[in-house]
Amino acid sequence: MLILTCPYCGVKAEETELHGGGEAHLTRFGPESSDEAFEGYLFQRENPKGVHFERWRHAQGCGKWFHAARCTVTLEVFGTYSAQTSEPPQNIRDAISAKRPGWTWRSFA
Amino acid sequence: MKRYSTFAIAREALRHHTGWERAWRKATPKKKYDVVIVGAGGHGLATAYYLGKNHGIRNVAILEKGWLGGGNTGRNTTIIRSNYLQDPSAAIYEKARSLYETMSQDLNYNVMFSPRGLLMLAQTHHEVRGYERTAHANALQGVDTQFIGPQKVKELCPIIRLDGPRYPVLGALYQARGGTARHDAVAWGYARACSDMGMDIIQQCEVTGVRSDGGKVRGVSTTLGEIDCDKLGIVVAGHSGVLAEMAGFRLPIESVALQALVSEPIKPAMDVVIMANTVHGYMSQSDKGEMVIGGGTDGYNNYTQRGSFQHIEETVRSLIETFPMLSRLKMLRQWGGIVDVTGDRSPILSKTPLGNCFINCGWGTGGFKAIPGSGWATAEMIAQGEPGPLAAAFGLERFREGRFIDESVAAGVAH
Ligand SMILES: Cc1cc2nc3c(=O)[nH]c(=O)nc-3n(C[C@H](O)[C@H](O)[C@H](O)COP(=O)(O)OP(=O)(O)OC[C@H]3O[C@@H](n4cnc5c(N)ncnc54)[C@H](O)[C@@H]3O)c2cc1C
Ligand SMILES: [Zn+2]
């Protein structure tokens, strides 16, 4: 069972208390963008076997959105962090590097 | 290949079963093949089979990282139906269903196809309207289905409870020619036929890289060394994203765990297949007597082939409401598979940005039923270099062009 700590209220929530919101840190392309960019934003997905960044909502708790970094193979959680950022903070990247040296995800490493 | 027959069984019975041969050869990779298929699940094996049978391409290798049929093909609840809403879906699923009818004879392998009838329960008014619409669409597509009332449901499935407190049974979309088949046998039957045509099925051989030159595929790197090919077919279900990354393109796919469970075996209690989409429960009774139950998918990307605990509880809880007799049953086993889900819940059969590299994926929670039709269409696409009539609508470009084949409204998640 997946357990994530909500970075807002600090509750250690198991997955029935949470709602998955899919891939994190998307750039939201709009009507003026190219077809490729718009398609990429709407449909193409990172689907890594390993380190992944996602949005989650503490749906049955404080109700807030946040980010999580975890491994899709082991369900290990590297950390959770604020929704108010467009890239993973350094402490999260370091936590991942400690366990998965050489990881990359989109342009992040 | 020695053919299986009643006579062969009698002959072997008389000589203590010493004359059976291996169903497929153990093969070691050659330097080069005309076509390499990655993934020896049902779709990969069927693709190889029809490449040989329909197009005469037999210099083919099928590479499998584990054992053949060990992916979703050997983990699914084997429901076969073709009562989809959209025309391209109806065409490919109905092609598949009709090929299932003659598959045992075609492959000389008993796949135990059992067209026992399939009911998709309508348990909300929304579903009643949705399935009435599907029945009309199916009539136009030439797919034989009908919308039936609760009394007819009860006749077909006496163990059902019609007036459950949360979700009463208001009717059902009935496909009398739907049913089940034995999943392993489908994989083994195709494997035996492929091997007999001289194709190499190479197990324990993981593809770790895709090599290309000038925008065209050259071959693959594997745990058993380099293998060259003229054309490459990627047919790896839950691992499609991983292979696409090796080949240098992205997919509109996410991989999630879907699980199933079986009960202890009991005497025959239900001779139809029941799908209850509102509560994400699916059930049929196997020939051994086990109640085979499929559940919902996890809500997040996952490669663990395990699935979340609470989904089992949710599935069983809601099924018990509609089938109270289940409450006395012990569950024997639970397992999961990694399914490849697209945005419109329809598969992808497509050329890719890499030349001579083709992909078949996105069957998600419901591709077992499609195996023969999908293999047929993918073989045609690989042989001719362009998708044929069955595959054409399922190309990757449909996402960019907004031509979705939207089955998510019609069926929700469904096997
Ligand atoms: C629990 C469950 C219930 C289901 N119920 C139904 C149902 O009732 N009806 C229905 O129609 N469908 C159902 N499905 C869906 C169905 O099982 C799949 O859509 C179908 O089996 C997919 O077949 P496939 O050949 O594409 O994939 P798979 O059978 O998964 O085969 C892909 C193969 O590729 C191999 N592979 C992956 N990566 C590599 C690599 N790098 N190198 C070499 N090989 C690799 C894998 O090991 C695997 O054997 C269900 C699925 C699950 C999990
Ligand atoms: Zn919270």
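Since this is a predicted model, take the numbers as computed values, not measurements.

1. Some words on the domain arrangement of chain B
Residue and element names in this part refer to chain B.
Next, step 1: Each assigned domain of chain B is listed with its residue range as follows: domain 1 (31-82 + 84-108 + 183-252 + 344-401) and domain 2 (118-178 + 255-341).
Next, step 2: One C-alpha centre belongs to domain 1, the other to domain 2, and the line joining them spans 28 Å.
Next, step 3: Every contact between the two is made by 27 residues of domain 1 and, on the other side, 30 residues of domain 2.
Next, step 4: For the pair domain 1 and domain 2, the two sides together bury roughly 2,200 Å², of which 56% comes from carbon and sulfur.
Next, step 5: By the criterion of area lost to domain 2, the three top residues of domain 1 are Arg75, Thr77 and Leu85, representing 26% of everything that side buries.
Next, step 6: Applying the counting criterion to the domain 1 and domain 2 interface returns eleven residue pairs in polar contact (both at pLDDT 80 or more).
Next, step 7: Those elements that provide at least two residues to the side of domain 1 that touches domain 2 are β3 (79-80), α3 (87-107) and α7 (240-247).
Next, step 8: With five residues, the top contributor of residues to the side of domain 1 that touches domain 2 is α3.

2. Comments concerning the site of ligand 1
Residue and element names in this part refer to chain B.
Next, step 1: As a structural note, the neighbourhood of ligand 1 is formed by 37 residues, with Glu64, Asn72, Thr73, Thr77 and Lys369 the closest of them.
Next, step 2: Contact distances for ligand 1 include 3.0 Å between a nitrogen atom and a backbone N or O atom of Lys65.
Next, step 3: With the chains in place, 97% of the 1,000 Å² that ligand 1 exposes on its own is no longer accessible.
Next, step 4: Counting only elements with at least two residues in the shell around ligand 1, the list comes to α2 (42-55), β12 (253-263) and β16 (331-342).
Next, step 5: For the shell around ligand 1, the class distribution of residues is 14 nonpolar, 18 polar and five charged.
Next, step 6: Here the shell around ligand 1 spans two domains, and each of domain 1 (31-82 + 84-108 + 183-252 + 344-401) and domain 2 (118-178 + 255-341) adds at least three residues to it.

3. Topic: the interface of chain A and chain B
Next, step 1: Between chain A and chain B, the residue contacts involve 24 residues of the former and 23 residues of the latter.
Next, step 2: Between chain A and chain B we count three salt bridges in total.
Next, step 3: Its salt-bridge partner being Glu39 of chain A, residue Arg400 of chain B comes within 2.9 Å of it at the nearest N-O pair.
Next, step 4: Counting across the interface, chain A meets chain B through 15 residue pairs in polar contact (both at pLDDT 80 or more).
Next, step 5: Sorting the residues of the side of chain A that touches chain B by element identifies β3 (19-23), α1 (35-42) and β4 (51-57) of chain A as the ones contributing at least two each.
Next, step 6: Sorting elements by how many residues they give to the side of chain A that touches chain B places α1 of chain A first, with four residues.

4. As for the coordination of the zinc ion (ligand 2)
Residue and element names in this part refer to chain A.
Next, step 1: Around the zinc ion (ligand 2), the protein contributes the donor atoms Cys6 (SG), Cys9 (SG), His58 (ND1) and Cys62 (SG), at 2.0 to 2.3 Å from the metal centre.
Next, step 2: Here the zinc ion (ligand 2) binds four donor atoms, and the angle range of 101 to 119 degrees at the metal identifies the geometry as tetrahedral.
Next, step 3: Spacing between the donor residues of the zinc ion (ligand 2) along the chain follows C-x2-C-x48-H-x3-C. Residue Cys6 is located in the loop between β1 (3-5) and β2 (12-14), and its partner Cys62 is located in the loop between β4 and β5 (65-71); the two are separated by 56 residues in the primary sequence.
Next, step 4: Residue classification places Cys62 among the partly exposed residues on the basis of a relative accessible area of 34%.

5. As for the sheet that holds β5 of chain A
All names here are of chain A.
Next, step 1: Strand order in the open sheet formed by four strands is β3-β4-β5-β6, with antiparallel pairing between adjacent strands. Two strands in the sheet have a free side with no partner beyond their single neighbour: β3 and β6 (77-82). Ignoring strand direction, the axes of neighbouring strands in this sheet form an average angle of 30 degrees.
Next, step 2: Where β4 meets β5, seven bridges bridge the pair, whose relative direction is antiparallel. When the sheet's bridge partners are listed, His52 is paired in β5 with Arg70.
Next, step 3: Where helix α2 (residues 90-99) meets the sheet, its contacts fall on β4, β5 and β6, and the angle it forms with β6 comes to roughly 175 degrees.

6. Let's talk about the nonpolar core
Looking at soluble globular proteins, one finds that nonpolar side chains tend to be buried together.
Residues and elements named next belong to chain B.
Next, step 1: Ile37, Leu45, Ile62, Tyr100 and Tyr190 are the most contacted members of the largest nonpolar core, which totals 51 residues.
Next, step 2: Every element with two or more residues in this core is listed here: β1 (32-38), α2, β2 (60-63), α3, α6 (183-196) and α9 (371-384).
Next, step 3: It is α6 that contributes the most residues to this core, seven residues altogether.
Next, step 4: Not counting chain neighbours up to four residues away, the residues in contact with Tyr100 comprise Ile80, Phe113, Ala181, Val186, Phe368, Lys369, Ile371 and Pro372.
Next, step 5: Residues Leu232, Val236, Cys357 and Cys361 belong to the second largest nonpolar core, which totals 31 residues.

So, how was this worked out
Residues numbered from 1 in each chain as written. Chains lettered and ligands numbered in written order. Predicted model: local features only at pLDDT ≥ 70, side-chain atom pairs only at ≥ 80, totals over all residues. Heavy atoms only, no water. Domains from an automatic or database assignment. Contact = heavy atoms within 4.5 Å. Buried area = accessible area lost by both parts, 1.4 Å probe. Polar contact = N/O pair within 3.5 Å; in protein donor to acceptor, adjacent residues only side chain to side chain. Helix = DSSP H or I, 4+ residues; strand = E, 2+ residues; numbered from the N terminus. Near = heavy atom within 4 Å. Areas by Shrake-Rupley, 256 points an atom, 1.4 Å probe, with all protein chains shown as cover. Nonpolar A, V, L, I, M, F, W, Y, C, P; charged D, E, K, R; others polar. Salt bridge = Lys/Arg side-chain N within 4 Å of Asp/Glu carboxyl O. Donors = N, O, S within 2.8 Å, 3.2 Å for Na, K, Ca; no water. Tetrahedral: all angles 85-135°; square planar, octahedral: opposite > 155°, others 65-115°. Buried < 20%, exposed > 50% of the residue type's maximum accessible area, 1.4 Å probe, protein only. Pairing = 2+ DSSP bridges. Axes fitted to C-alpha atoms, helices over the stretch in contact; angles between N-to-C directions. Core = buried A, V, L, I, M, F, W, Y, C linked by side-chain atoms within 4.5 Å.

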